[in-house]
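What the coordinates show
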Amino acid sequence: TFVKTVTFDVDSNGFALAVYEDSEDNLKIKRSNGFPVFDAEITLGDVSDFEIKDVQVYHENTASANKGKAILLDAKGHRVAVVEFNRYLPGIREVRIEGWVALGAGKNPQSFVLNDNKTKAYVVNKGDETITVLNLKTPPTGSNPAGTPRSVTAIRTDMTTINIKDYLPEKDLEITPNQIS
């Protein structure tokens, strides 16, 4: 039984991913398009093992062969998950964790934003005052305007970190989810 919503995102096709707690203290992700018979969900685990801050769709599910992708931020685990979903294949309308990308101990990630093309995620790490850049998709081209999602392995091996103190070393900056002060 549903207890409370933690976070959610809706793509331009009206498809939703919702992260919620149930009455048995489980944390779940539900994929829905408004028709309960087609909904799918998975259990992530005990709610006390996670601190989910955000989920955002970065690659829309536009056809059966083109699975959708989203990023799920877990502050407690210092990581993000690549969530894969599909709503077009009868019998296998699914949602699953494709894999986790560790950001590093002490990062304390608080939020993230996607660039305009949704090819990169910028994760705000309050713990060490950095921003982790994740390369999620190949850049759009004329023949592929949405770009191609990269594998979890490629995302893990190609992430970079920006230290905000490198840009203004004379200031004692503090990073918070929506500002640097």
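Keep in mind that this is a model prediction, so the values were computed, not measured.

This paragraph deals with the overall build of the protein chain. From N to C terminus, the protein chain includes 1 helix and 14 strands. Of all 181 residues assigned to the protein chain, the portion counted as buried reaches 42%. In the protein chain, the share of contacts with a sequence separation of at least 24, taken over all contacts with a separation of at least 6, comes to 40%. When the accessible area of the protein chain is evaluated, it comes to approximately 9100 Å², of which 51% is carbon and sulfur surface.

Sheet strands line up and pair through hydrogen bonds in the backbone, either parallel or antiparallel. Taken in spatial order, the 4 strands line up as E5-E6-E7-E8 in an open sheet, and their pairing is antiparallel. Looking at which strands have only one partner, the edges of the open sheet turn out to be strand E5 (52-59) and strand E8 (94-102). Averaged over all pairs of adjacent strands, the angle between strand axes in this sheet comes to 25°, irrespective of strand direction.

Taken in spatial order, the 4 strands line up as E9-E10-E11-E12 in an open sheet, and their pairing is antiparallel. The open sheet has two edge strands with one neighbour each: strand E9 (109-114) and strand E12 (160-163). Looking at each pair of strands side by side, their axes are set apart by 25° on average, direction ignored. Here 5 bridges tie E9 to strand E10 (residues 120-125), and the two strands are oriented antiparallel to one another. Residue pairing for E10: Val 113 is matched across the bridge by Tyr 122.

Turning to the pairing of strand E3 (residues 26-32), a few remarks are in order. Within E3, 6 of the 7 residues are buried, leaving the element largely enclosed by the surrounding structure. For strand E2 (residues 16-22) and E3, the ladder comprises 6 bridges, and the chain directions are antiparallel. The residue bridging Leu 17 from the neighbouring strand is Arg 31, located in E3. As paired elements, E3 and strand E4 (residues 40-46) share 6 bridges and run antiparallel to each other. Directly across from Ile 29, in E4, lies its bridge partner Ile 42.

Moving on, we come to unusual backbone geometry. Non-glycine residue Asp 25 carries a positive phi angle of around 65°. Among the structural elements, Asp 25 can be located in the loop between E2 and E3. Phi at His 78 takes a positive value of approximately 50°, unusual for a residue other than glycine. By the element assignment, His 78 lies in the loop between strand E6 (68-74) and strand E7 (79-86). The partly exposed category is assigned to His 78, whose relative accessible area is 23%.

Cut-offs used in this document
Residues numbered from 1 in each chain as written. Predicted model: local features only at pLDDT ≥ 70, side-chain atom pairs only at ≥ 80, totals over all residues. Heavy atoms only, no water. Helix = DSSP H or I, 4+ residues; strand = E, 2+ residues; numbered from the N terminus. Buried < 20%, exposed > 50% of the residue type's maximum accessible area, 1.4 Å probe, protein only. Contact = heavy atoms within 4.5 Å. Areas by Shrake-Rupley, 256 points an atom, 1.4 Å probe, with all protein chains shown as cover. Pairing = 2+ DSSP bridges. Axes fitted to C-alpha atoms, helices over the stretch in contact; angles between N-to-C directions.

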